[in-house]
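Residues per chain are reported as follows:
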Amino acid sequence: MSTITARLALGVMAAAAMVGAAHAQETLKLAIGQRGLWDTSISEVGQRGGIFKKHGLQLEILYTSAGPESIQALIAGGVDIATASGVSAAFGTFAKGAPIRIIGSEIIGSPDLFWYVPANSPIRKIEDFNGKAVAYSLTGSSSHAALLALTAQYNLKVKPTSTGSISATITQTMTGQVDVGFGAVPFGLDMVADGRVRIVASGNDVVALRNRTGRVNITNLATLTNRKDALVRFNRAYKETIEWMYSDPAALKIYGDFSGMPETVVRRVRELMPKDSMATDTIVGIDQIMAESLQNKFLTAPLTKEQVADLVRASELK
């Protein structure tokens, strides 16, 4: 074989390998609540940074108003994974017989969550929430569970009001449709900085929210049964993306471009959202989650040990 022929053969083989690699990319469909938050952007940032591609995955992402909408899309079979879903809703939906399984913790604690009011509001402290309309996204969401925990701890009598997405909540809060809005890092921090709103309370003020998993990533039983290898690769790429987001300024640039947040806000995100809160492998505080789910009527009876083992499958997908 001549040198030229050999080079041509090698070129054809290399091209074929590239085509094969492209075809090897497996598609996973995701539903993600609250587009643009730091923690809900992990899949988007990792895809834009090439990390999921490196693990043989192409993500198709559907953004929803909150976790309950994502769970419904998952149950209907429209997506393979729902990320950032409220853990109480996940437990309650599973208990009702829905074919969903938890594949990882999305956030531990609630360092991202806060409640705010317009700058001219007479509300100055948590106790002033009494009798007021206080926002949460959707029933069964992590913001709903957080509001229930806040009212229980401070013995408040409020008017819980579903306001949908964070952007919709901002509009309803600033126009007086609700008295107290909810937000999550980084959305609203620019409004705090320029004095349009005041933060009155944060997730860190609520003892029950501090040391247990608040949101989870889930799949449906069909995907777990038939595409387990893809889920393993998803979890590995997801964890790798978290490491990258906390170590490389390039990831912050991608996040800033995606979220549309001002650079001054983006620079603060990693400080406000500790990396430890993003630990994915273990669901933390299951007994507490169960007790809260019972108290808030997400569950009508505790899950058995066998049911919990069937629901929480993170350890087998590392």
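In what follows, the accompanying structure is described. (Residues numbered from 1 in each chain as written. Predicted model: local features only at pLDDT ≥ 70, side-chain atom pairs only at ≥ 80, totals over all residues. Heavy atoms only, no water.)

1. So, the overall build of the chain
Tallying secondary structure elements over the chain gives 14 helices and 10 strands in all. For 318 residues, the compact-globule formula gives about 20 Å, and the C-alpha radius of gyration of the chain, at 21 Å, lands near that figure. Each principal axis of the C-alpha distribution contributes one length, and for the chain these read about 85 × 50 × 30 Å. For the chain, the residues scored as buried account for 53% of the 318 residues in total. Long-range pairs, those at least 24 residues apart, make up 81% of the contacts in the chain between residues at least 6 apart in sequence. Within the structure as shown, the chain displays about 14000 Å² of accessible surface, and the carbon and sulfur contribution to it stands at 55%. Averaging the locations of the 32 positively and 28 negatively charged side chains of the chain gives two centres separated by 1 Å. (Helix = DSSP H or I, 4+ residues; strand = E, 2+ residues; numbered from the N terminus. Rg over C-alpha atoms; globule rule 2.2 N^0.38 Å. Buried < 20%, exposed > 50% of the residue type's maximum accessible area, 1.4 Å probe, protein only. Contact = heavy atoms within 4.5 Å. Areas by Shrake-Rupley, 256 points an atom, 1.4 Å probe, with all protein chains shown as cover. Lys, Arg positive; Asp, Glu negative; His and termini not counted. Charge placed at Lys NZ, Arg CZ, Asp CG, Glu CD.)

2. A short note on the pattern of salt bridges
A full pass over the atoms with the stated rule returns 20 salt bridges. For R227, the salt bridge is made with D80, and the minimal N-O distance between the two is 3.4 Å. Taken together, the residues R227 in the loop between helix 9 (221-226) and helix 10 (228-245) and D80 in the loop between helix 4 (67-75) and strand 3 (81-86) connect sequence positions 147 residues apart. Sharing partners across several salt bridges, the network here consists of E26, D80, R227, D229 and R233. (Salt bridge = Lys/Arg side-chain N within 4 Å of Asp/Glu carboxyl O.)

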